[in-house]
Amino acid sequence: MKHSLLFIVFFTAQAAECNLPKILRTTHAILKKNISKKTTAGTFSQFKKTEQSKSDDALTETLSSLEKLSAHLHSYRSMLMLSATLFLNTPGYIETLRLVTDTHNEIMIKGHAYEIERAISLYEENETIKHFNKILTDGTLSREIDIQTDEHMVECKNITWHQSSSKLKKQFIEQQALVEHYNQVHDCNCIYQVSSKQTIPHKWKIWLIQQNIEIHEETI
């Protein structure tokens, strides 16, 4: 049972590897490498057997549920199964996963699925994913931010950008201020980033740069 769960998702991903986008093929390679490491080096030995058993059971249940996704979610299945092996014990991950799997709202599905996809990408870039949907507060203002890593606080957007949106600008400015406050309190240097699945219009890019907000834009 020790390594069987990783092999379950490995072979599932392997079967569909030729159809996965580049980001998932890369993640598949990472998992393949990790399987070899865990098998030869006995990485799991650091955990108590009871704790590992609980973790394995949770992963088994999650993967089983993802295998039975509704038809409208089939295109996300491989990515979600890979993410479960990486982030199952990361705070906020299960809640984010349910926001994808427990709705038929296509806009919500696309948005939250991109959060998970972006987390995989950050993981591939050797950043540690510390939290999904983290609440930042300065005592008076509170905002949720999609992904916290050891280097970034990332707000993900999978939207058709409008040329101007005061509501969206307010969100970005407040989040940026809260990240700065978090850095001061915790003596760290997390960079606030807006990450977009879709092409960001030129006017929006100019505005974000003027606010000293880091931009990540997926290559379409």
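Residues numbered from 1 in each chain as written. Predicted model: local features only at pLDDT ≥ 70, side-chain atom pairs only at ≥ 80, totals over all residues. Heavy atoms only, no water.

Some remarks on the overall build of the protein
Item 1. A tally of helices and strands in the protein yields eight helices and five strands.
Item 2. Listing the helices and strands of the protein from first to last along the sequence gives α-α-α-α-α-α-β-β-β-α-β-α-β.
Item 3. For the protein, the proportion of its 220 residues judged to be buried stands at 45%.
Item 4. Sequence separation of 24 or more characterises 59% of the internal contacts of the protein that already satisfy a separation of 6 or more.
Item 5. For the protein, the computed accessible surface area is about 12,100 Å², with 52% contributed by carbon and sulfur atoms. (Helix = DSSP H or I, 4+ residues; strand = E, 2+ residues; numbered from the N terminus. Buried < 20%, exposed > 50% of the residue type's maximum accessible area, 1.4 Å probe, protein only. Contact = heavy atoms within 4.5 Å. Areas by Shrake-Rupley, 256 points an atom, 1.4 Å probe, with all protein chains shown as cover.)

Points about the state of the cysteines
Item 1. The full count for this structure, using the stated rule, is zero disulfides.
Item 2. There is no disulfide at Cys-188, and the cysteine sulfur nearest it, in Cys-190, is 4.3 Å away.
Item 3. Its relative accessible area of 8% is what places Cys-190 among the buried residues. (Disulfide = S-S within 2.5 Å.)

Here's the deal with helix 4 (residues 77-87)
Item 1. The element helix 4 is largely enclosed, with a buried count of 10 among its 11 residues.
Item 2. Those residues of helix 4 that fall on the buried side of the exposure criterion are Ser-78, Met-79, Leu-80, Met-81, Leu-82, Ser-83, Ala-84, Thr-85, Leu-86 and Phe-87.

Remarks on the packing of helix 5 (residues 93-101) against helix 6 (residues 106-124)
Item 1. It is the contact of helix 5 with helix 6, at a shortest axis distance of 8 Å, that shows an interaxial angle of 145°. Classified by chirality, the crossing of helix 6 by helix 5 is left-handed. In this structure, helix 5 contributes Tyr-93, Thr-96, Leu-97, Leu-99 and Val-100 to the contact, and helix 6 contributes Met-108, Ile-109, His-112, Ala-113, Glu-115 and Ile-116.
Item 2. Considered class by class, the residues forming the contact of helix 5 with helix 6 number eight nonpolar, two polar and one charged. (Axes fitted to C-alpha atoms, helices over the stretch in contact; angles between N-to-C directions. Left-handed = near helix turned anticlockwise from the far one by under 90°. Nonpolar A, V, L, I, M, F, W, Y, C, P; charged D, E, K, R; others polar.)

A short note on the sheet that holds strand 3 (residues 152-157)
Item 1. Strands sit in the order 1-2-3-4-5 across an open sheet of five strands; the sheet is mixed. Edge positions in the open sheet fall to strand 1 (129-137) and strand 5 (214-217), since each of these has one partner strand only. Pairs of neighbouring strands in the sheet enclose a mean axial angle of 35°, with direction left out of account.
Item 2. Bridge analysis of strand 3 against strand 4 (residues 191-196) gives six bridges, and the strand direction is parallel. (Pairing = 2+ DSSP bridges.)

A look at the packing of aromatic side chains
Item 1. This model, assessed by the stated rule, comprises eight aromatic pairs.
Item 2. Centre to centre, the rings of Phe-87 and Phe-132 are 5.5 Å apart; their planes meet at 65°, and the pair counts as edge-to-face. Within this pair, whereas Phe-87 is found in helix 4, its partner Phe-132 is found in strand 1, the two being separated by 45 residues in sequence. As far as burial versus exposure is concerned, Phe-87 and Phe-132 are alike and both buried.
Item 3. Taken together, Phe-87, Tyr-93, Tyr-123 and Phe-132 form an aromatic cluster joined through their ring pairs.
Item 4. A cation sits over an aromatic face here: Lys-169 above Trp-204, 5.7 Å from the ring centre. (Phe/Tyr/Trp six-rings, centres within 6.5 Å; stacked < 30°, edge-to-face > 60°. Lys NZ or Arg CZ within 6 Å of the ring centre and 35° of its normal.)

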